[in-house]
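Overview (structure and organization)
The chain contents come next:
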Amino acid sequence: MQRRTRLAVGGVTLLGVGLAAWFVSPTVAIARFEGLASRPLAFAAAMLAVALIRPACAWPTLLLSTGIGFAYGLSGLPLALGALVLTSLPPYWFGASTAGSGRLTAAGETFLAETGGVRGVTAARLLPLPSDVVSVGAGAMAVRLRPYLVGTALGELPWAVLGLTVGRSVDHLTTGELSGAVDPWLVAGMTATAILLLAGPCYRLLSTRWSKTLPAVE
């Protein structure tokens, strides 16, 4: 019964997110705050508010750091990083509330036991994966809050710098001007870093599994 309830809650939530993403344009929402760019405190409050509602609308996290970069430039890094961490909390809590005890969850917990929460979350954030998928997965695999926050901050740091750089260079906060903003070489470098972070733990897990399946040599 509990599993069915969790699945029902998850289905309804995903449906709501899908409808919000369909009817609410991130371009319109973010562009409305463009006039606040000359009022730093008001703009910061608006961006933090957007960070809280963003997961419900399935907007890309890049919009947050881009908007902050538009108003503050690279000096807005602490605010951008804080907004990216804040916006990851609702999907993390959602994943934790709907977590089950299936094979996937058990495999994830085994993997995190080897990598550690901070390293695992950092590597996942560096990969070009949807941010909310990583957040929900971390919650479902019972990553503790403190390692999750630290790993999220470390993994989102390059994405925050990228968004700030893009935001500083645009004239208006429209997604049309952001197309092609992500440098493929930067993504490749972050992916390589994530692979290096996970290489050791993955090797140890595979070695342990092989040692258990191969027959002992007398």
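Details of the overall build of the chain
What the chain contains, in helices and strands, is 11 helices and zero strands. Going from N to C terminus, the chain has its helices and strands arranged as α-α-α-α-α-α-α-α-α-α-α. Taken across its 218 residues, the chain has 35% of its residues classed as buried. Surface exposure of the chain reaches about 12300 Å², of which carbon and sulfur atoms provide 69%.

Brief notes about the packing of aromatic side chains
A full pass over the atoms with the stated rule returns two aromatic pairs. Ring centres 6.1 Å apart and planes at 65° place the aromatic pair F43 and Y72 in the edge-to-face group. Of the two residues, F43 is situated in helix α3 (residues 40–57) and Y72 in helix α4 (residues 62–72); the sequence distance between them amounts to 29 residues. Under the relative-accessibility criterion, F43 is labelled buried at 0%. Y72 sits in the partly exposed class, given a relative accessible area of 23%. For the ring pair Y92 and Y148, a centre distance of 4.1 Å and an interplane angle of 20° mean the geometry is stacked.

Concerning the packing of helix α8 (residues 117–126) against helix α10 (residues 145–169)
Contact geometry for α8 and α10: axes closest at 7 Å, N-to-C directions at 30°. On the basis of their axis angle, the class for α8 and α10 is roughly parallel. Pair α8 / α10 crosses with right-handed handedness. Taking contact as the criterion, the partners of G117, V118, V121, T122, R125 and L126 in α8 are, on α10, P147, Y148, V150, G151, T152, L154, G155, E156, P158 and W159. Its residues assigned to classes, the contact of α8 with α10 comprises nine nonpolar, five polar and two charged.

Section: the nonpolar core
Formed by 17 residues in total, the largest nonpolar core has its most connected members in L64 and I68. Those elements that place two or more of their residues in this core are α3, α4, α5 (77–87) and α10. At six residues, α3 tops the list of elements feeding residues into this core. If you look at the next biggest cluster of nonpolar residues, it comprises 10 residues, including A123, L126, L162 and A194.

Criteria and cut-off values
Residues numbered from 1 in each chain as written. Predicted model: local features only at pLDDT ≥ 70, side-chain atom pairs only at ≥ 80, totals over all residues. Heavy atoms only, no water. Helix = DSSP H or I, 4+ residues; strand = E, 2+ residues; numbered from the N terminus. Buried < 20%, exposed > 50% of the residue type's maximum accessible area, 1.4 Å probe, protein only. Areas by Shrake-Rupley, 256 points an atom, 1.4 Å probe, with all protein chains shown as cover. Phe/Tyr/Trp six-rings, centres within 6.5 Å; stacked < 30°, edge-to-face > 60°. Axes fitted to C-alpha atoms, helices over the stretch in contact; angles between N-to-C directions. Parallel < 35°, antiparallel > 145°, perpendicular 65-115°, else oblique. Left-handed = near helix turned anticlockwise from the far one by under 90°. Contact = heavy atoms within 4.5 Å. Nonpolar A, V, L, I, M, F, W, Y, C, P; charged D, E, K, R; others polar. Core = buried A, V, L, I, M, F, W, Y, C linked by side-chain atoms within 4.5 Å.

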